[in-house]
Amino acid sequence: MAGKAATTSTTYSPSPTTLKTKAPIFNEDWVRPDGRGFHQCRPAFFRTGAVNAASGSAYAEFGNTKVIVSVFGPRESKKAMMYSDIGRLNCNVSFTTFSTPLRGQGLDNKEYTAMLHKALEGSIMLETFPKTTVDVFALVLESGGSDLPVVISCASLALADAGIMMYDLIASVSVSCLGKNLVIDPILEEESSQDGSLMITCMPSRYEITQLTVTGDWSTPKINEGMQLCLDACAKLAKIMRSCLKEAALGSQE
Amino acid sequence: MVLPNASEDLSTEMEVDAFRRLFPLRYYECHLVESIRPDGRALARARDTTIALGAVASASGSALVKIGSTTMLAAIKMEVMTPTMESPDEGCIAIDFHMPPICSPIVRPGRPAEVAPVVSKQLSDTISSSGMVDLKELSLVSGKAAWMAFLDIYCLDADGAVFDAALLSATAALSHLQIPAVSMNDDGKIVLMSEEDGERLAQEPVNKEKRKLALRSIPFSLTCILYKNYILADPTAEEESIMETQVTIVLDSSSQLISFYKPGGSVLAYTPAIQDCVALTRQRVKELQSILDEANSAMEVE
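Residues numbered from 1 in each chain as written. Chains lettered and ligands numbered in written order. Predicted model: local features only at pLDDT ≥ 70, side-chain atom pairs only at ≥ 80, totals over all residues. Heavy atoms only, no water.

If you check an unreviewed UniProt entry, chain B appears there as Ribosomal RNA-processing protein 43 from Acacia crassicarpa. Turning to chain B, the UniProt annotation filed under Sequence similarities (unreviewed entry) states: "Belongs to the RNase PH family." (UniProt positions renumbered as here; feature names shortened; annotations may be inferred.)

Reading the Sequence similarities (unreviewed entry) entry of the UniProt record for chain A gives the comment "Belongs to the RNase PH family."

All right, on to the overall build of chain A then. The helix and strand tally for chain A stands at five helices and 10 strands. Burial analysis of chain A (254 residues in total) assigns 51% to the buried set. Taking the contacts inside chain A whose residues are at least 6 apart along the sequence as the reference set, 69% of them involve residues at least 24 apart. Taken as a whole, chain A presents about 12100 Å² of accessible surface, with 56% of it coming from carbon and sulfur. (Helix = DSSP H or I, 4+ residues; strand = E, 2+ residues; numbered from the N terminus. Buried < 20%, exposed > 50% of the residue type's maximum accessible area, 1.4 Å probe, protein only. Contact = heavy atoms within 4.5 Å. Areas by Shrake-Rupley, 256 points an atom, 1.4 Å probe, with all protein chains shown as cover.)

This part takes up the sheet that holds strand S3 (residues 56-62) of chain A. Residue and element names in this part refer to chain A. With mixed pairing, the five strands of this open sheet are ordered in space as S2-S3-S4-S6-S5. Strands with a single pairing partner mark the edges of an open sheet, and in this sheet they are strand S2 (44-48) and strand S5 (88-95). Geometrically, the sheet is characterised by an average inter-axis angle of 15° between neighbouring strands, direction not taken into account. Inspection of the sheet shows strand S4 (residues 65-76) paired to strand S6 (residues 132-142) by nine bridges, in the antiparallel sense. Across the sheet, residue Phe 72 finds its bridge partner in S6, namely Asp 135. (Pairing = 2+ DSSP bridges. Axes fitted to C-alpha atoms, helices over the stretch in contact; angles between N-to-C directions.)

Further remarks concern the interface of chain A and chain B. With 33 residues of chain A in contact, the opposing surface of chain B contributes 37 residues. Of the roughly 2900 Å² buried where chain A meets chain B, counting both sides, 61% is carbon and sulfur surface. Measuring nitrogen to oxygen at the nearest pair gives 3.1 Å for the salt bridge that ties Arg 103 of chain A to Asp 152 of chain B. At the boundary of chain A and chain B, one finds 16 residue pairs in polar contact (both at pLDDT 80 or more). For the side of chain A that touches chain B, the secondary structure elements donating two or more residues are strand S1 (11-12), S4, S5 and S6 of chain A. Split into classes, the residues belonging to the side of chain A that touches chain B amount to 15 nonpolar, 12 polar and six charged. (Buried area = accessible area lost by both parts, 1.4 Å probe. Salt bridge = Lys/Arg side-chain N within 4 Å of Asp/Glu carboxyl O. Polar contact = N/O pair within 3.5 Å; in protein donor to acceptor, adjacent residues only side chain to side chain. Nonpolar A, V, L, I, M, F, W, Y, C, P; charged D, E, K, R; others polar.)

Attention shifts here to the pairing of strand S2 (residues 61-67) of chain B. All names here are of chain B. Burial within S2 is extensive, with five of its seven residues counted as buried. Across five bridges, the pairing between strand S1 (residues 49-53) and S2 is antiparallel. What sits directly across from Ile 51, in S2, is Val 65. With seven bridges joining them, S2 and strand S3 (residues 70-81) adopt antiparallel strand pairing. When the bridges of S3 are listed, Ser 62 appears paired with Ala 75. Hairpin connection, S2 to S3: the antiparallel pair is bridged by two residues, and Gly 68 has positive phi, about 60°.

Residues and elements named next belong to chain B. It is at 10 Å that the axes of helix H4 (residues 115-129) and helix H5 (residues 162-176) come closest, and there the two elements cross at 45°. In this view, H4 runs oblique relative to H5, as classed from their interaxial angle. In the crossing of H4 with H5, the sense of the turn from one axis to the other is right-handed. Here H4 contributes Val 119, Gln 122, Leu 123, Thr 126 and Ile 127 to the contact with H5, which in turn contributes Phe 163, Ala 166, Leu 167, Ala 170 and Leu 174. Residue composition of the contact of H4 with H5, grouped by class: eight nonpolar, two polar and no charged. (Parallel < 35°, antiparallel > 145°, perpendicular 65-115°, else oblique. Left-handed = near helix turned anticlockwise from the far one by under 90°.)

With that settled, the discussion passes to the pairing of S3 of chain B. Extensive coverage of S3 of chain B is indicated by the burial of 12 of its 12 residues. Sheet topology places S1 of chain A next to S3 of chain B; two bridges connect them, and they run antiparallel. Its bridge partner lying in S3 of chain B, Tyr 12 of chain A is registered against Val 80 of chain B.

Residues and elements named next belong to chain B. Applying the stated rule across the entire model yields 24 salt bridges over all chains. Here Lys 121 ties to Asp 125 by a salt bridge, and the two come within 3.0 Å at their closest N and O atoms. With Lys 121 and Asp 125 both in helix H4 and four residues apart, this pair spans about one turn of that helix. On the accessibility criterion, Asp 125 (36% relative accessible area) is partly exposed.

So, on to the environment of Ile 190 of chain B. As for its placement among the helices and strands, Ile 190 of chain B is situated in strand S9 (residues 190-192). Expressed as a C-alpha distance, the spacing of Ile 190 of chain B and Val 119 of chain B, which sit 71 residues apart in the sequence, is 33 Å.

All names here are of chain B. UniProt marks residues 46-180 and 218-269 with the feature "domain: Exoribonuclease phosphorolytic" (unreviewed entry), using the numbering shown here. The distance from the first to the last C-alpha atom of residues 46-180 is 36 Å, and the span holds 22% helix and 36% strand. Each end of residues 218-269 is marked by a C-alpha atom, and these two atoms are 26 Å apart; helix forms 12% of the span and strand 48%.

This next bit is on the UniProt feature "domain: Exoribonuclease phosphorolytic" (unreviewed entry) in chain A. The positions UniProt marks with the feature "domain: Exoribonuclease phosphorolytic" (unreviewed entry) are residues 40-164 and 168-229 of chain A. Helix makes up 24% of residues 168-229 of chain A and strand makes up 47%, while its end C-alpha atoms are separated by 20 Å.

Below, the discussion takes up the nonpolar core. Residues Phe 97, Leu 123, Leu 151 and Ile 153 of chain B are the most contacted members of the largest nonpolar core, which totals 67 residues. Broken down by element, this core gets its largest block of residues, 10 residues, from H5 of chain B. Filtering out sequence-adjacent residues up to four positions away, Ile 153 of chain B remains in contact with Met 72, Leu 73, Ala 74, Ile 95, Asp 96, Phe 97, His 98, Leu 123, Ala 166, Ser 169 and Ala 170 of chain B. Counting 57 residues, the second-largest nonpolar core is a separate cluster that includes Ile 124, Val 134, Val 140 and Trp 218 of chain A. (Core = buried A, V, L, I, M, F, W, Y, C linked by side-chain atoms within 4.5 Å.)

In this section: the layout of surface pockets. Residue and element names in this part refer to chain B. Approximately 1000 Å³ is the volume attributed to the second largest pocket. Met 99, Val 115, Val 162, Glu 240 and Gln 246 are the residues nearest the centre of the second largest pocket, which is lined by 32 residues in total. Those elements that place two or more of their residues in the lining of the second largest pocket are H4, H5, helix H6 (237-242) and strand S14 (246-252). Residues that form the lining of the second largest pocket fall into these classes: 17 nonpolar, nine polar and six charged. (1 Å grid on protein atoms, 1.4 Å probe; cavity = no way out; pocket = protein on both sides within 12 Å on 5 of 7 lines; lining within 4 Å. Points joined across faces, edges and corners; volume = space filled by probe spheres on them.)

As a further point, take unusual backbone geometry. Cis rather than trans, the peptide bond between Gly 73 of chain A and Pro 74 of chain A has omega equal to 10°. By the element assignment, Pro 74 of chain A lies in strand S4. Although it is not a glycine, Lys 131 of chain A adopts a positive phi angle of roughly 65°. When you line up the elements, Lys 131 of chain A lands in the loop between helix H2 (110-121) and S6. Of note, the phi angle at Asp 234 of chain B is positive, near 50°, even though the residue is not glycine. One can find Asp 234 of chain B in the loop between strand S13 (230-233) and H6.

Pasting the structure below:
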């Protein structure tokens, strides 16, 4: 937050920040700001081959959340690195200055970087590229909520596009707990007023989970319900990702 | 001269891809004598160019520009500042150019591209010296408040002619910019005017309705490569890495020279070559102007 304080000392955004009244989320008849059902995801759009300069890349758009992931390599590891029998995975997640409502927040996200690495690691056959590194770089063009799950799914697609050997595609979905309700694939507004969040990244065809994060206030039955919601959504998401890859493969054949 | 001859002999036997990688300069020369480039373009032809306005919903103005596969995303966020004592009636435009690690294999996290700050400075210089934007238009309350326009340009895919694409995206974003309607509240702060607030008369509107900037002459640029007697317009990254001498010329809509940039290189630029480059740029300006006009009129229809 130090960076933010420095910029606000000279300039400020004219948008009202605190005046907005919170939606009565705890009501039974509360509707989501974008009119979706509680268990309905935003329409997902994927496209591979977004960046020509990269070995593989993908663009993903879920509502207002827009990300690009480029994959480079396998290429020579940094000189300072020790010899390694298996390949290395190197990740980075950054945001554009205009991605967030307030300008220039969280440009280089260390937490997301670490989580992206952990989410992908389990799905990649690292032994297929010994002594070398695969770089996975993500840029969030616009942040509209559920950024990390979108980045992770998009990164998996980019890895597939680059021809990196994997056990399965990785799909990732999160749910937010808002009072009594569980809402899937939350947007920014919902994330800011959530009581808890749960994110699953999994390999749907193997029914294996590579990462599960739970934060906030959850009861055991709620966790079960949330996990089931996420797993179902992941399976559907993986189908969309798979069809995107097939489309790209067909397109290149013609 | 053993090596060039060796490559010439090999050119009939070797696979094209291998020859391209081993003797890139020879490979290009074989094309250049036929007045064509490996991607099928004539020497003086720029790549296909597209502009999409309003690509970023959270910004007041934005543009996605593609020249070939070089891709730029520019967006403007408007903030309020106190103008300086010297120019109480003027706002400010802060231009920043970024090359994130996704755009090129050369850039890695923590090790930013060397060209990024150079392009950043060139862009600010070009836009300010072209007089494209009247900074007085960005004033809100004389001496008290003015707009600070943060124009950030991200390179999403770097495949040559980075400056040309960046400048085009910057000017396109400025042409798309809608200055939001704002009013001053009791604390002397500028706030956005929402529809309900419009009726409340306690607030004094400063900028009553959304408006666009009145842009004067718009700068456009073309980068050319000089190699021997050849001039290659709008080079790709591969061409830039093989033939190093570049000339970037910026002209405005009325063909006035705004900037001329030749950062070293082994080929000396003689007057006729420069004149040829300027002529190519003049042509390109017309092309780009019509593409930009088209993009803007498409926005108005919607």
